Amino acid sequence: MKSLKRLLIWATGAIAAFGVAAIFIFRMPIFGGSFEEARWERMRHSPQFHENRFENTPPQKSEMEFLKTLQDYSKGQVRKPQFVVPVVKLTTSQFAEEIEPGLRAYWFGHSTTLIEIDGIRVMTDPVFSEYASPFQGVGPKRLHPVPLALEQMPRVDAVVISHDHFDHLDMEATKHFAARGTHFYVPLGVGAHLARWSVPAQQIHEMDWWDSAEIKGVQVNCTPARHYSGRKRMDNSTLWSAWLVRGPHSSFYFSGDTGYSHHFSETRKRLGAVDLSVLKVGAYGSTWLDIQMDPESAIRAHQDLGGKVFLPVHWATFNLSYHAWDEPIVRTVAAARKAGVQIVTPAPGEKVELGKPFVNREWFLQH
């Protein structure tokens, strides 16, 4: 009886200590900020906000059952490239001249893409960290280096953020660009994290679905997506979104993380077709498809958007699912060929310029 009593006392103390540690950890800057009254008021008046959390429209109908997904894939999946990913190294001097007219994109890996559009530079979900995790040295590790180091990056006019997960919102990258005057376009609630990281308020543009803003003659549109959020836990405390950016002559769409739904065709109906579709194709599972679309769904999404050129992202950089590292791109290329979709498969850092020929080297097929 005394042993049991001691065990209970020990267990109670351990649980209390863990709780105190968790409170301390979640107060660290890396986990972002809290919602002050004005921000909270705007969040709770969003059509997507229900019972103190954001919801998909229509509501999410599947759960992320990792065990089921693991069972779906046979053992022995090749989880990382068995060769050195052929990163095209960029230099600051390549971006020294004035931005030329037109539309060009440099995929940096995962969902991070530098896009030059009608005189400005826009970056999608800039993540430069070695690990997609709150703590460097723990979690999914980068499978290839970034094409250009963060401190060497050229001026970026705008950053669009899809949601606040660690593989999409990088605190150090955010602070770097903020110090250089970059404007941030983020879904509702995400601005609290940027504020915690001392991003000036005038550089934060917090938006709901279908809100629009303008920077240097280029329109930035916040559009729907199907996903979930939470910097500390999966509590949907902040909104998630996709982005359609349209200049006087060019346009692109960035999906962020999303499941497939009618929101792609609705976006085209409201805002028009796009020149470039930058869509996620990786990190999916059989029980996740409502919030993480697979390659074939990405092709359908591109067609719904009326996209001219399809750039697949969210693969080859971090291991975030149980499928083989190259499965997403192999399936995407096959689906694109079947559908007659113009797809580009650049190596990280390789330039894609719309209106100019691009040769798909399919570097990922190396063995």
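Remember, predicted model here, so these are calculated numbers, not experimental data.

Criteria and thresholds
- Residues numbered from 1 in each chain as written.
- Predicted model: local features only at pLDDT ≥ 70, side-chain atom pairs only at ≥ 80, totals over all residues.
- Heavy atoms only, no water.
- Salt bridge = Lys/Arg side-chain N within 4 Å of Asp/Glu carboxyl O.
- Helix = DSSP H or I, 4+ residues; strand = E, 2+ residues; numbered from the N terminus.
- Contact = heavy atoms within 4.5 Å.
- Buried < 20%, exposed > 50% of the residue type's maximum accessible area, 1.4 Å probe, protein only.
- Axes fitted to C-alpha atoms, helices over the stretch in contact; angles between N-to-C directions.
- Parallel < 35°, antiparallel > 145°, perpendicular 65-115°, else oblique.
- Left-handed = near helix turned anticlockwise from the far one by under 90°.
- Nonpolar A, V, L, I, M, F, W, Y, C, P; charged D, E, K, R; others polar.

(A) Region of interest: the pattern of salt bridges. Considering all chains together, one arrives at 22 salt bridges under this definition. With a closest N to O distance of 2.9 Å, R270 and E266 form a salt bridge. In this pair, R270 and E266 are both assigned in helix 6 (residues 263–271), four residues apart and thus about one turn of the helix distant. Between K308 and D275 there is a salt bridge whose closest N-O contact spans 3.1 Å. Of this pair, K308 sits in the loop between helix 7 (295–305) and strand 14 (309–313) while D275 sits in the loop between helix 6 and strand 13 (276–280), and the two are 33 residues apart along the sequence. Salt bridges linked by common partners bring R104, E116, R121, K351, E353 and K356 together as one network.

(B) Representation of the side chain of S229. The topology assignment puts S229 in the loop between strand 10 (218–223) and strand 11 (242–246). Among all residues touching S229, those that are not within four sequence positions of it are D164, H165, M234, D235, N236, S237, T238, L239 and W240.

(C) Quick look at unusual backbone geometry. A cis amide bond, omega -5°, links T57 with the succeeding residue P58. One can find P58 in the loop between strand 2 (53–54) and helix 3 (66–72). Phi is positive for H110, which is not a glycine, with a value near 55°. Within the secondary structure layout, H110 lies in the loop between strand 3 (103–109) and strand 4 (112–117). Classification of H110 by relative accessible area gives buried; the value is 2%. Of note, N236 is a non-glycine position whose phi angle comes to about 55°, a positive value. Within the fold, N236 resides in the loop between strand 10 and strand 11.

(D) Quick peek at the packing of helix 6 against helix 7. Between helix 6 and helix 7, whose axes approach to 8 Å, the crossing angle comes to 15°. In terms of axis orientation, helix 6 runs roughly parallel to helix 7. Between helix 6 and helix 7 the crossing geometry is right-handed. From helix 6, F264, S265, T267 and R268 reach across to helix 7, where they touch A301, Q303, D304 and L305. Counted by class, the contact of helix 6 with helix 7 contains three nonpolar, three polar and two charged residues.

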